[in-house]
Amino acid sequence: MLIRRKAELTYADVTPKSVYFNRRQILRAMGIAGAAVAGGKILSSLAFPAQHVLATSKLTGLAKSPFSTTEKLTSYDDVTHYNNFYEFGTDKGDPAKKSQNFRTSPWSVSVEGEVAKPRKFTMDEILKLAPLEERIYRHRCVERWSIVVPWIGFSFSTLAKLVEPTSKAQYVAFQTLYDPSQMPEAKYGGIDFPYVEGLRLDEAMHPLTLLCVGMYGETLPNQDGAPVRMVVPWKYGYKSIKSLVKIRFQQKEPPTTWNRYSSDEYGFYSNVNPKVDHPRWSQASERRLGDIFRRDTLMFNGYGDQVASLYNGMDLKQYH
Amino acid sequence: MRALLFSKWAKACVFVLCLVPFLALVERALHGRLGANPVEFLQHATGDWTLRFLVFTLSITPLRKLLHLPELIRFRRMFGLFAFFYVCLHFFTYIGPDQSFHLAGMWQDVAKRRFITVGFLGFVLLIPLALTSTAGWIRRLGGKRWQALHRAVYVSAVCGVIHYYWLVKSDVRKPLFYGALVVILLLWRLGDWLIKRGKQAPVPVAAARVS
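Residues numbered from 1 in each chain as written. Chains lettered and ligands numbered in written order. Predicted model: local features only at pLDDT ≥ 70, side-chain atom pairs only at ≥ 80, totals over all residues.

Asker: Quick one: what's the story with the overall build of chain B, residue by residue and with numbers?
Answerer: Helix and strand counts for chain B stand at eleven helices and zero strands. The secondary structure elements of chain B, listed N-terminal to C-terminal, are α-α-α-α-α-α-α-α-α-α-α. For the C-alpha atoms alone, the extent of chain B along its principal axes is close to 75 × 45 × 35 Å. Residue burial in chain B is summarised as follows: out of 211 residues, 22% are buried. Considering only contacts in chain B between residues 6 or more positions apart, those separated by 24 or more positions represent 64%. (Helix = DSSP H or I, 4+ residues; strand = E, 2+ residues; numbered from the N terminus. Buried ≥ 20, exposed ≤ 12 C-beta atoms within 10 Å, placed from the backbone. Contact = placed C-beta atoms within 7 Å.)

Asker: Tell me about the overall build of chain A, residues and numbers included.
Answerer: On a plain count of helices and strands, chain A comes out with ten helices and 13 strands. Expressed as a percentage of the 320 residues in chain A, the buried residues total 43%. Looking at chain A alone, contacts between residues at least 24 apart form 70% of all its contacts between residues at least 6 apart.

Asker: I'd love a proper account of helix H6 (residues 114-131) of chain B, names of residues and values included.
Answerer: Residues and elements named next belong to chain B. With 18 residues, H6 should reach 26 Å at 1.5 Å per residue; the first-to-last C-alpha distance of 26 Å fits that figure. Within H6 the residues assigned to the buried category are Ile-116, Val-118, Gly-119, Phe-120, Gly-122, Phe-123, Leu-126 and Leu-129. Of the surrounding secondary structure, the elements contacted by the buried residues of H6 are helix H4 (76-98), helix H5 (103-112), helix H8 (143-150) and helix H9 (152-167). (Expected span 1.5 Å × (residues − 1).)

Asker: Help me get a handle on the environment of B:Gly32, residues and values and all.
Answerer: Inspection of the secondary structure assignment puts B:Gly32 in the loop between helix H2 (8-30) and helix H3 (38-66). In this structure, the C-alpha to C-alpha distance between B:Gly32 and B:Gln147, residues 115 residues apart in sequence, is 43 Å.

Asker: An account of H9(B) is needed here, citing residue identities and associated values.
Answerer: All names here are of chain B. Taking 1.5 Å per residue, 16 residues should reach 22 Å; H9 reaches 23 Å between its end C-alpha atoms and fits that length. Buried within H9 are the following residues: Ser-156, Ala-157, Cys-159, Gly-160, Val-161, His-163 and Tyr-164. Packed against the buried residues of H9 are H3, H6 and helix H10 (173-200).

Asker: Go over the nonpolar core with me, naming the residues and quoting the values.
Answerer: A:Trp151, A:Ile152, A:Val172, A:Phe174, A:Leu211, A:Cys212 and A:Met230 are the most contacted members of the largest nonpolar core, which totals 61 residues. Discounting chain neighbours no more than four positions away, the residues touching A:Phe174 are A:Val196, A:Glu197, A:Gly198, A:Met230, A:Ile241, A:Leu244 and A:Ile247. By size, the runner-up hydrophobic cluster in this structure holds 25 residues, among which are B:Cys18, B:Phe75, B:Phe84 and B:Tyr86. (Core = buried A, V, L, I, M, F, W, Y, C linked by C-beta atoms within 7 Å.)

Asker: Quick one: what's the story with the pairing of strand E7 (residues 196-200) of chain A, residue by residue and with numbers?
Answerer: Residues and elements named next belong to chain A. Among the five residues that make up E7, four are buried, leaving the element largely enclosed by the rest of the structure. Bridge analysis of strand E6 (residues 171-176) against E7 gives five bridges, and the strand direction is antiparallel. The partner of Phe-174 across the bridge, within E7, is Glu-197. (Pairing = 2+ DSSP bridges.)

Asker: Explain the packing of H3(B) against H4(B) to me, using residue names and the numbers behind them.
Answerer: All names here are of chain B. For the pair H3 and H4, the least separation of the axes is 8 Å and the interaxial angle reads 160 degrees. Put simply, H3 runs roughly antiparallel to H4. In this structure, H3 crosses over H4, and the sense of that crossing is left-handed. Counting all contacts with H3, which are made through Val-39, Leu-42, Gln-43, Thr-46, Gly-47, Trp-49, Thr-50, Phe-53, Leu-54, Phe-56, Thr-57 and Ile-60, the residues of H4 involved are Arg-76, Phe-79, Gly-80, Phe-82, Ala-83, Tyr-86, Val-87, Leu-89, His-90, Thr-93, Tyr-94 and Pro-97. (Axes fitted to C-alpha atoms, helices over the stretch in contact; angles between N-to-C directions. Parallel < 35°, antiparallel > 145°, perpendicular 65-115°, else oblique. Left-handed = near helix turned anticlockwise from the far one by under 90°.)

Asker: Which residues make up the pairing of strand E11 (residues 244-250) of chain A, and what values go with them?
Answerer: Residue and element names in this part refer to chain A. Here four bridges tie strand E2 (residues 108-113) to E11, and the two strands are oriented parallel to one another. Following the sheet pairing, Gly-113 is matched in E11 by Phe-249. As defined by bridge partners, E6 adjoins E11 across six bridges and the pair is classed as antiparallel. For Thr-176, the partnering residue across the bridge sits in E11 and is Leu-244.

Asker: Account for unusual backbone geometry, with residues named and values stated.
Answerer: Residue A:Pro106 follows A:Ser105 across a cis peptide bond; omega there is 0 degrees. Omega for the bond connecting A:Ala226 with A:Pro227 falls within 30 degrees of zero, at -5 degrees, which places this linkage in the cis form.

Asker: Summarise the environment of B:Ala36; cite the residues concerned and give the values.
Answerer: Of note, B:Ala36 is situated in the loop between H2 and H3. Aside from chain neighbours lying at most four places away, what touches B:Ala36 is A:Asp78, A:His81, A:Tyr82 and A:Leu289.

Asker: Which residues make up the environment of B:Val26, and what values go with them?
Answerer: Residues and elements named next belong to chain B. On the secondary structure map, Val-26 appears in helix H2. Assessed through the 11 C-beta atoms surrounding it within 10 Å, Val-26 is described here as exposed. Remark: the alpha-carbon pair of Val-26 and Leu-42, spanning 16 residues in sequence, is separated by 9.9 Å.

Asker: With reference to specific residues and values, describe the packing of H6(B) against H9(B).
Answerer: All names here are of chain B. Direction vectors running N to C along H6 and H9 enclose 155 degrees, while the axes themselves pass 8 Å from each other. Classified by the angle between their axes, H6 and H9 sit roughly antiparallel to one another. In the packing of H6 onto H9, the handedness of the crossing is left-handed. Judged by residue contacts, Arg-114, Phe-115, Val-118, Gly-119, Leu-121, Gly-122, Leu-125, Leu-126 and Leu-129 of H6 engage Ala-152, Val-153, Val-155, Ser-156, Cys-159, Gly-160, Ile-162, His-163, Trp-166 and Leu-167 from H9. Of the residues belonging to the contact of H6 with H9, the class tally is 13 nonpolar, five polar and one charged. (Nonpolar A, V, L, I, M, F, W, Y, C, P; charged D, E, K, R; others polar.)

Asker: Break down the sheet that holds E11(A) for me, with residues and values.
Answerer: All names here are of chain A. Across the sheet, five strands lie side by side as E3-E2-E11-E6-E7; this open sheet has mixed pairing. Across the chains shown, the open sheet's two edge strands, defined by having one partner strand only, are strand E3 (119-122) and E7. Mean inter-strand twist for the sheet, computed between neighbouring axes without regard to direction, equals 20 degrees. Summarising the sheet, E2 and E3 pair through four bridges and their orientation is antiparallel. When the bridges of E3 are listed, Val-111 appears paired with Arg-119.

Structure follows, in structure tokens:
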């Protein structure tokens, strides 16, 4: 199914981060020089938010993926400074500010439940499970904004096959790390922690479902779910669980965080669907970060050709 | 303090202060510092400032009485009009970038989404208040009727808080904060009204005894 090609140009080759940050520093230096000339500018250059140093490292040898979209990438700055990660605060800017000391090493992911070979994977093991691919996916938040991100990882099914799910495994439950000492803001989030998510087994095994370890040519920044997360591009963003510590194969549909918070607003499936509105707002359109006006939202976030067959015969309004 | 409030410069200074949030937004926009989602940034900022100015407006009457500073009345209309100014900006960020200036789409949204309905109601209620905020209109309507009309600001403030509460996903701290302020300010009025009524009630009895 996957067409493997030799790594060609990836995001990291196009825009080395050193250049990117240099450019910012130059711009900032210009701002400061300008302030020396025009005193009035001092305030505005002081107000420039300092770029957070992201403790990421480069990932190389990335294969391209036929699943990638050719749409324009959202800027790295936007994807790292506009996040929902309630463990680090509910404001979009909070995760970038408050996750910088989050310890992501050592890290391991425990895989358990209805599997023949339950085991723990260390981060090093995960990185070596399969060749890393760059997959440029659309990502649509339930709040009606969207981004295009060059994620890095491999199909979740690669890991799943290693632990050999038994015939009883119908669903997969996922869990984010919850450490209140590192996540003091979590208690104001209004939702229960640890954050949990779930997929039906066939959804989890779909080749689009990505076990993600990086983006933009590098390992994941903390605010984007370091060190390892899921990316399920045809579902609303909150299904793509961050900072994953536990994966459990099971017979029953697992509880999911936002569904538990408000089941009529956030369904278990949460497939992107412009025809099924959130009770409080329409899902027919979205704003791509970087745009002013809205664009139409696509069924299954534009991945209908690949995933629509998973839901044949299902009432997608009832199973929203 | 009193002299300061009376001075002719006080009003001009407060006016400029009220414009600062707007100027700050313009400055941010010019320097591209509205974040990853500039439209949302403007919507949230103008919505926040609308609620703040409604709270300022509603604070004037209690503060006049509690601080014995009746002169504060000089600022009430200005605060109210600034609430209207910020809610207009808020409305334009919605009808423009959100609805692409399609009135039909807006009406659908207003009819269907309770959070839009209640926000829209709060906005519409402020329009007649802004229009009749002049001395001429007070005279034309008569003090009593004008005052009754302008009590609509209580409803508008409550609508604004509910609008905010229904917007957020799960962290309701900020909407509850504004809600608490509005409730306190309205409860104070209720208390004030009850005390006044209590004081007035014996009057007819006493009058009857004299006659």
